[in-house]
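Listed below are the residues making up each chain.
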Amino acid sequence: MQQRWGLPIVAWPSRLRPSFWDGIALPLVIGLIMLIAWASQQMSVPFQPGQSLEISLDPMELPAYALRTVLRMVAALGASLVFSLGYAAIAAKSKRAEKLLIPILDILQSVPILGFLSITVTGFIALFPGSLLGYECAAIFAIFTSQAWNMTFSLYQSFIAVPHDLREASRMLHLSPWQSFWRLEVPFALPQLTWNMMMSVSGGWFFVVASEAISVNNNQVLLPGIGSYISVAIDHRDLWAVGYAIIAMLVLILIYDQLLFRPLLAWGQRFKFEELGEEEIETPWFLMMIQRARFFHLMGLGVEASARWVSRASSRLPRPTRRPQAAPRHRALADGIWSGFLVLLALGALVEIADFVRAEVGWSEVLHVVLLGLLTLVRVVVLIALAALVWVPIGIWIGLRPRVARRVQPIIQFLAAFPANLFFPVVVSAIVVYHLNPEIWLSPLMILGTQWYILFNVIAGTMALPTDYQLVAGNLGVRNILWWRRLALPGIFPAFVTGAVTASGGSWNAAIVAEVAKWGDTTLQATGIGSYIAAMTEAGDFPRIALGVTVLALYVLLVNRLLWRRLYNLAEERLRLD
């Protein structure tokens, strides 16, 4: 130890010395904390029902609005991730729970955002009386409903697709269920989950206009944000303001692509179920900063120590003794009793709904809404089929080229994040000028934001294809149609089903936005259950809102049970045979 001016000089360990990357990381972290603190303070200001929040179309206000919207979406994304991990794990590990949880997820996916807002907003306001925070929580919950279901379906499909040899290896290593979950199942699901998280955030952008408009007792509150800015711009027919909103969304998408999703994609490559090729390894600057900054290194050491302590603690817990497996006949009987109970529960719910409908709206209204749902069903089926024909080949081509996938990723995110409302000026003007039929030409707005679920999942499924399979196919001379039939389409089939399920449910949800298009004083409407729910929501007719949402949910549930569930089972059976 040396001394200078009587003071001892202690050499810092190398792992504690600040580096160049700390000089970049520290201002970013401090700035981020300050922005979050400011936005959080703005979200909890005093507010009384009946007050109005003025939304200015001044572009100088857009940065503050953008920060408020991004904070809502980040909070919703965190809640969606926690919900998805727990829900998907239970559904994948228990066949009996799966029979209940997956149909519930189908129904939740089909319930429109306006339906969630109509039901939950009063409860959130009651939790925080006299504060804007209740309205903010309602908006965050609405965005959560646009993100969570897709992520949950992705995790569920990945959990049931974990190869049996890996599960057997975890048993041979005597990993506890907790350790197996975090060391095997979650890492295996991470690459596809990352792509679906990107798609979920883009889906949140698609519904941001609806989520930031809170209606209570026929009084609408527009929360400060990009969605409210777009809504006011459309009402005022201000094309310049719409252009400013598009530029702001582009900047935000590029920022969170650089700071969140690009590092996640690069980091998630280490969990891919095969050895990586050299061309697939590309470290983004933000991930490099996190890896090299001493600040994040010390934080990582603390997190790793905590994780090791939790892992050791879980391994010391007494494990439940394995019960001898019941005879197949007894298991079949128990499964039959459980299935019968679920059927009775569903029938009881339908009886209650039928009594409510009979007392409030009448059976003629029910028949009318069922026919409206049938028209929307035809639109959804046609649009999903067309989207699959277009995006499956393109997604496979992109997925086979990781560098291309990384370059087009922000472009796809930007296109997927476009709210349908931003296209209303073009669509409404074209329909009016060329005397087009709104019943046909408003329909593409339904698939505008949801078609990307198919593309994202196909890209993720293609990138997850083991390179060994591709090399074997090349060595055997498998080409052209045979290559598509034997390798490409079977390989991406589980991922495609996940994307198609979420795209189908999202299209039903988007019908509320797409079947009614407004541009200033001009309103165009297509006949369907989406326009019905939108009209009843605007009128504040809760019984008819409940009727429309219930019929829509039943349609989605029937389609999922009769089509998508069978395709899921087919994908699971193929994976089990592999």
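Here we look at unusual backbone geometry
Here is step 1 of the chain: With a phi angle near 55°, His435 is a residue other than glycine that sits in the positive phi range.
Here is step 2 of the chain: Positionally, His435 belongs in the loop between helix H16 (424–433) and helix H17 (438–441).
Here is step 3 of the chain: You will see that Asn480, though not glycine, has its phi angle at about 55°, which is positive.
Here is step 4 of the chain: Mapped onto the elements, Asn480 comes out in helix H21 (residues 480–514).
Here is step 5 of the chain: Judged by its relative accessible area of 64%, Asn480 falls in the exposed class.

Considerations on the confidence of the model for the protein chain
Here is step 1 of the chain: Predicted confidence across the protein chain gives a mean pLDDT of 78, with 84% of residues reaching 70 or more.
Here is step 2 of the chain: Within the model, the stretch residues 1–5 combines pLDDT values under 50 with seven contacts to residues more than four positions away or in other chains.

Observations concerning the side chain of Gln147
Here is step 1 of the chain: Looking at where Gln147 falls in the secondary structure, it is placed in helix H5 (residues 133–160).
Here is step 2 of the chain: By relative accessible area, which is 0% here, Gln147 ends up buried.
Here is step 3 of the chain: Separated by 3.1 Å, the side chain of Gln147 and the backbone nitrogen of Leu77 make a polar contact.
Here is step 4 of the chain: Contacts of Gln147, omitting those with residues within four sequence positions, involve Met73, Ala76, Leu77, Ser80, Ser200, Val201 and Gly204.

Description of the side chain of Arg68
Here is step 1 of the chain: Secondary-structure assignment places Arg68 in helix H2 (residues 62–93).
Here is step 2 of the chain: Given a relative accessible area of 6%, Arg68 falls into the buried group.

As for a nonpolar patch on the surface
Here is step 1 of the chain: A grouping of Leu28, Trp240, Tyr244, Ile247, Val251, Ile255, Leu259, Leu260 and Trp285 is seen on the molecular surface, where their side chains present a nonpolar patch of about 860 Å² in accessible area.
Here is step 2 of the chain: Broken down by element, the nonpolar patch gets its largest block of residues, seven residues, from helix H10 (residues 239–268).
Here is step 3 of the chain: Within the secondary structure, Leu28 is located in helix H1 (residues 20–43).

Conventions and cut-offs
Within every chain, residues take consecutive numbers counted from 1 along the sequence as written. Whole-chain, interface and lining totals are the exception, using all residues; otherwise, since this is a predicted model, local features are given only for residues with pLDDT of at least 70 and side-chain atom pairs are given and counted only at 80 or more. With hydrogens and water stripped out, all remaining heavy atoms of the structure feed into the side-chain values. The numbering of helices and of strands both runs from the N terminus, where a helix is a DSSP run of H or I of at least 4 residues and a strand a run of E of at least 2. Accessible area is worked out with a 1.4 Å probe on protein chains only. A residue is then buried under 20% of its type maximum, exposed over 50%, and partly exposed in between. Residue-level confidence of the predictor is what pLDDT reports, using numbers from 0 through 100. Contact criterion: two residues are considered in contact whenever any of their non-hydrogen atoms come within 4.5 Å of each other. Polar contacts, as used here, are pairs of N or O atoms within 3.5 Å; protein pairs need one atom able to donate a hydrogen and one able to accept it. Residues neighboring in sequence count only if both atoms are side-chain atoms. Exposure above 30% relative accessible area and no salt bridge define the residues that can form patches, which grow by joining like charges within 9 Å and nonpolar side chains of Val, Leu, Ile, Met, Phe, Trp and Tyr within 5 Å. Throughout, the Shrake-Rupley method with a 1.4 Å probe supplies accessible areas, and for residues the shown protein chains are the sole cover considered. By salt bridge we mean one thing: a side-chain nitrogen of Lys or Arg within 4 Å of a carboxyl oxygen of Asp or Glu.

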